[in-house]
Amino acid sequence: MRSSKTIHVVSAHAEGEVGDVIVGGVAPPPGDTIWEQSRWIARDQTLRNFVLNEPRGGVFRHVNLLVPPKHPEADAAFIIMEPEDTPPMSGSNSICVSTVLLDSGILPMQEPVTEITLEAPGGLVRVRAECKDGKAERIFVQNLPSFAERLDAKLEVEGLGTLTVDTAYGGDSFVIVDAASMGFALKPDEAHDIARLGVRITNAANAALGFHHPENPDWKHFSFCLFAGPVERTAEGLRAGAAVAIQPGKVDRSPTGTALSARMAVLHARGQMGLEDRLTAVSLIGSTFSGRILGTATVGDRPAVLPEISGRAWITGTHQHMLDPSDPWPEGYRLTDTWGAR
Ligand SMILES: O=C(O)[C@H]1NCC[C@@H]1O
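All of these numbers come straight from a predicted model, not from anything done at the bench.

Trainee: How should a negative patch on the surface be read in this particular structure?
Mentor: On the surface, E111, E130, D133 and E137 cluster together to form a negatively charged patch. Mapped onto the elements of the fold, E130 is located in strand β7 (residues 123-132).

As structure tokens, then:
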């Protein structure tokens, strides 16, 4: 056996969505901040291609690189690599990273509750983990300040006509459509159509509306389209289906923590959710993230909420990715049969 690199990975999923964690074998990228380091990873593409492309990756894989934190309050830092983006924050990935850090012993676990601070590219996130018998059973993440950007905006999508959409930020950027008015009941057999339509809607929103983050001028596109189900009031609180189309055309298996945060910001802006409410988002596979609003804030001149999301993750294995120097595809490959819903 010979290899010009050896990358150590602990694989995990959060409520169905894969979020692998690189725990060794990669030197920290250059940059004075985690954001700058994440921009370097996004520009360079070498690591992204190696772990996300076939034969090591695939369109369903997200991979997180652990790096030494820059902020004095942070216990660990991570750079998120998604199929097409290297985003400021991610709900499912932060839950996978927290679980791997605690369940594999990289950070010490205290039962019944461990509190850690993670540094995501978009900023600090506080994490509370409910732990039992050496397992982080539920992860609560205080996500980045989240805000509604546009409410009831008109968006022309070729072949679909004029849609009424909301746009919002929940650690990543969303165009939000009403699932029912698009004809979706948010059932598993709709996944392909949701992926396909969602990418068209996201692309149309990028062309016609554009996204603006008041404090992060680098993040100026919509990453995702959320198909938002109707909000029902149950004995346990608010509950709504959620399906998020991710570029280049797949549906998040988890209920998407950034989408839940964005949706809570929109519901709060509309006066439909308060600090006393809980919102449970349900994914196409029936998994759930639970959310609440801890307080309010501002992002630049925009009113924002401070969201908390919670969910569960499980480790699925370990891998050592290697590169034989004679492999003709050192950065792997992707083909449109799987890379992009058509
Ligand atoms: O939970 C989330 O926020 C994420 N899941 C995959 C894509 C998003 O970053």
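So that's the structure; there's more coming.
Trainee: Is there a simple way to think about the site of the ligand in this case?
Mentor: Taken together, E17, H62, E82, S90, G91, S92, F224, I246, D252, T256, G257 and T258 are the residues near the ligand. Between a nitrogen atom of the ligand and a side-chain N or O atom of D252, the distance comes to 2.6 Å. G257 is positioned such that a nitrogen or oxygen atom in its backbone is 2.7 Å from an oxygen atom of the ligand. Burial of the ligand by the protein chains amounts to 100% of its free accessible area of 260 Å².

Trainee: For this particular structure, what's the right way to read unusual backbone geometry?
Mentor: A negative phi holds for most residues other than glycine; trans holds for most peptide bonds. In this structure, P55 follows E54 across a cis peptide bond, with omega equal to 10°. One can find P55 in the loop between α2 (46-52) and β4 (63-67). One non-glycine residue with positive phi stands out, namely Q45, at about 70°. Inspection of the secondary structure assignment puts Q45 in the loop between α1 (34-44) and α2. Phi angles above zero are rare outside glycine, and D133 is one such case at about 50°. Within the secondary structure, D133 sits in the loop between β7 and β8 (135-142). According to the relative accessible area criterion, D133 is exposed, its value standing at 67%.

Trainee: Please explain the state of the cysteines as it appears in this structure.
Mentor: Think of a disulfide as a covalent bridge from one cysteine sulfur atom to another cysteine sulfur atom. Counting across every chain of the model gives zero disulfides. Unpaired in terms of disulfides, C96 finds its nearest cysteine sulfur in C131, a separation of 15 Å. Take C131: its relative accessible area is 5%, and that puts it in the buried class.

Trainee: Which parts of the structure should I look at to understand helix α3 (residues 91-103)?
Mentor: Within an α-helix, residues lying three or four positions from one another point in the same direction, as the helix has 3.6 residues per turn. Helix length check: α3, at 13 residues, gives a terminal C-alpha distance of 18 Å against a target of 18 Å (1.5 Å per residue), a fit within 8%. Within α3, twelve of the 13 residues are buried, leaving the element largely enclosed by the surrounding structure. The complete set of buried residues in α3 reads G91, S92, N93, S94, I95, C96, V97, S98, T99, V100, L101 and L102. Taken from the residues just after α3, G105 is the one with a positive phi, measuring 85°.

Trainee: Explain the side chain of S283 here, please?
Mentor: Here S283 is to be found in the loop between β16 (278-282) and β17 (288-299). In this structure S283 comes out as buried when scored by relative accessible area, which is 5%. Within the structure, S283 has its side chain in polar contact with the backbone nitrogen of I285 (distance 3.2 Å). The contact partners of S283, leaving out residues within four places of it in the chain, are A242, R253, S254 and P255.

Trainee: Even after reading the chapter, I still don't get the pairing of β7, so can you show me in this structure?
Mentor: Where a strand is regular, its side chains alternate between the two sheet faces. Pairing of strand β6 (residues 113-120) with β7 involves eight bridges; the strand directions are antiparallel. Paired with L118 across the bridge in β7 is V125. If you look at the hairpin formed by β6 and β7, you'll find two residues sitting between the two strands. For β7 and β8, the ladder comprises seven bridges, and the chain directions are antiparallel. Among the inter-strand pairings, C131 is bridged to a residue of β8, identified as A136.

Trainee: I'm lost on helix α5 (residues 257-269) in this one. Help?
Mentor: The terminal C-alpha atoms of α5 lie 18 Å apart, and with 13 residues this matches the ideal 18 Å at 1.5 Å per residue to within 8%. Most of α5 is tucked away, with eleven of its 13 residues classed as buried. Where α5 ends, the next residue or the one after it, G271, has phi of about 75°, a positive value.

Trainee: Would you explain the pairing of β17 in this entry?
Mentor: Examined bridge by bridge, β16 and β17 share five bridges and lie antiparallel to one another. Across the sheet, the residue bridging to V282 is T288, located in β17. Between the end of β16 and the start of β17, which pair antiparallel, lie five residues, with G286 showing a positive phi angle near 90°. Across nine bridges, the pairing between β17 and strand β18 (residues 302-311) is antiparallel. From the neighbouring strand, A297 faces β18, where its bridge partner is A304. In textbook terms, the turn of a hairpin is the stretch between consecutive antiparallel strands, and for β17 and β18 this stretch comprises two residues, one of which, G300, has a positive phi near 60°.

Trainee: Just to check I follow, could you spell out the packing of aromatic side chains for this structure?
Mentor: Aromatic ring pairs are reported here in terms of the distance separating the ring centres and the angle at which the planes meet. If you walk through the whole model with that rule in mind, you get eight aromatic pairs. Their ring planes at 80° and their centres at 6.0 Å tell us that W35 and W219 sit as a pair that is edge-to-face. Remark: W219 occurs in the loop between α4 (191-208) and β12 (224-228) and W35 occurs in helix α1; sequence separation between them is 184 residues. Each member of the pair, W35 together with W219, is buried. Connected via pairs of aromatic rings, a cluster forms that spans F147, Y169, F211 and F222. Of note, R39 hangs over the ring of W35, and the distance from its end group to the ring centre comes to 3.8 Å.

Thresholds applied
Residues numbered from 1 in each chain as written. Predicted model: local features only at pLDDT ≥ 70, side-chain atom pairs only at ≥ 80, totals over all residues. Heavy atoms only, no water. Patch = residues over 30% accessible without salt bridge, like charges linked within 9 Å, V, L, I, M, F, W, Y side chains within 5 Å. Areas by Shrake-Rupley, 256 points an atom, 1.4 Å probe, with all protein chains shown as cover. Salt bridge = Lys/Arg side-chain N within 4 Å of Asp/Glu carboxyl O. Lys, Arg positive; Asp, Glu negative; His and termini not counted. Charge placed at Lys NZ, Arg CZ, Asp CG, Glu CD. Helix = DSSP H or I, 4+ residues; strand = E, 2+ residues; numbered from the N terminus. Near = heavy atom within 4 Å. Polar contact = N/O pair within 3.5 Å; in protein donor to acceptor, adjacent residues only side chain to side chain. Buried < 20%, exposed > 50% of the residue type's maximum accessible area, 1.4 Å probe, protein only. Disulfide = S-S within 2.5 Å. Expected span 1.5 Å × (residues − 1). Contact = heavy atoms within 4.5 Å. Pairing = 2+ DSSP bridges. Phe/Tyr/Trp six-rings, centres within 6.5 Å; stacked < 30°, edge-to-face > 60°. Lys NZ or Arg CZ within 6 Å of the ring centre and 35° of its normal.

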